[in-house]
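Structural characterization, general
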Amino acid sequence: MEEQYHDLEAIIEDYNKVNLEFKDTKRKIAKLEKKLAPFEEQLDVLYEEVGKIASASYMGGNMSGLTAVFTTGSADNLADRITLLDQVTVDDHDAIEALNEAKAELDEQKRVLDGLYETQSEQEEELRSKKETIETDLDRLQEERETAYRDSRGIADDGWVPPYVPGDRGEVVRFALKQDGEPYIFASAGPDGWDCSGLTLGAWSQVGVNLPHNAEAQWNMVQHISRDELQPGDLVFYNGLSHVALYIGDGHVIHAATNYSNVYMTTIDAAASDYYGAGRIPGW
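Our subject in this report is the structure included herewith. Keep in mind it's a predicted model, so treat the numbers as computed, not measured.

Spatial strand order, 1-6-2-3-4-5: 6 strands in an open sheet with antiparallel pairing. Edge positions in the sheet fall to strand 1 (223-225) and strand 5 (262-267), since each has one partner strand and no second. Direction aside, neighbouring strands of the sheet carry axes that sit 35 degrees apart on average. The sheet contacts of helix 5 (residues 167-178) involve strand 3 (243-249), strand 4 (252-257), strand 5 and strand 6 (275-280), and relative to strand 3 the element is tilted by about 115 degrees. On the sheet, helix 6 (residues 196-204) packs against strand 2 (235-238), strand 3, strand 4 and strand 5 and is oriented at approximately 45 degrees with respect to strand 3.

What follows is the structure, encoded as structure tokens:
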């Protein structure tokens with residue numbers, strides 16, 4: 001399952017990368033659209049100028065052929081029409097050149113914009129596909145995990161099965177879960193038995209974190225967090241700091257309790273009375 005999750009992590013990172021690129025594309029599109037507006041306004045002005053040229057030529061009676069070219073209403077063959085401008089004044093010729101340059105720059109802006117829209121469409125499809133793959137595989141992994149836990153009777157008293165936790169926090173949680181059913185032994189930090197702070201100490205030592213063997217001392221060294229911020233591996237404290245448990249997800253903890261005389265999983269509220277607070281190992 002760990003190997004399969006590492007494969008999924010690669011997909012997740014690809015998803016994150018594409019998502020960042022998608023946001024960047026949207027920003028670029030918005031920026032280009034802002035730039036396009038003045039170009040369109042400039043084209044309107046220059047087309048109006050072309051109309052004036054054509055009208056003046058017609059009224060003068062000396063450019064009837066050119067008049068027909070300018071009044072077609074299409075800019076697609078503007079380059080061809082420019083070759084006829086030998087008959088107009090230099091000022092008029094400059095106006096048409098300015099129109100052509102503005103249109104060329106506008107066309108380039110549109111080409112870039114169209115390319116970005118196409119990229120955006122492809123990215124949306126890729127994101128959708130990756131999201132479906134991730135969700136399907138995660139559901140499958142969790143089903144396999146629940147089956148494995150039920151087969152080994154690694155379930156809480158309420159029938160709950162712990163979710164899979166990846167990475168270093170997962171290593172901490174998995175170590176604690178392996179102690180499920182081990183005996184409670186006063187002042188012990190394993191390997192044959194545990195007290196409450198000994199279990200949390202032993203779990204976090206798997207990733208090189210050294211905790212003191214005392215619930216109050218552990219509270220004094222952790223970052224205090226709210227209950228709704230809890231993540232697997234965080235510590236949960238009770239009874240005026242006389243008891244500590246390890247959070248394992250979905251509102252459940254695992255702890256070594258004297259009243260059960262063993263290590264077991266249960267809900268946060270059922271673990272002990274007088275919930276005190278929650279804490280996170282600094283840097284984790």
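Further remarks concern the packing of helix 5 against helix 6. In a pair of packed helices, the angle between the axes and the distance between the axes together describe the arrangement. Running from N to C, helix 5 and helix 6 cross one another at 135 degrees; their axes reach a closest spacing of 8 Å. When the axes of helix 5 and helix 6 are compared, the pair comes out oblique. Considering the relative orientation of helix 5 and helix 6, their crossing is right-handed. Packed against helix 5, whose contacting residues are Val172, Phe175 and Ala176, the element helix 6 presents Leu199, Gly202, Ala203 and Trp204 at the interface. Partitioning the contact of helix 5 with helix 6 into residue classes produces 6 nonpolar, 1 polar and no charged.

A word on the side chain of Ser188. Considering the arrangement of structural elements, one finds Ser188 in the loop between helix 5 and helix 6. Beyond its immediate sequence surroundings of up to four residues, Ser188 is in contact with Gly193, Trp194, Asp195, Gly198 and His213.

Cut-offs applied
Residues numbered from 1 in each chain as written. Predicted model: local features only at pLDDT ≥ 70, side-chain atom pairs only at ≥ 80, totals over all residues. Heavy atoms only, no water. Pairing = 2+ DSSP bridges. Helix = DSSP H or I, 4+ residues; strand = E, 2+ residues; numbered from the N terminus. Axes fitted to C-alpha atoms, helices over the stretch in contact; angles between N-to-C directions. Contact = heavy atoms within 4.5 Å. Parallel < 35°, antiparallel > 145°, perpendicular 65-115°, else oblique. Left-handed = near helix turned anticlockwise from the far one by under 90°. Nonpolar A, V, L, I, M, F, W, Y, C, P; charged D, E, K, R; others polar.

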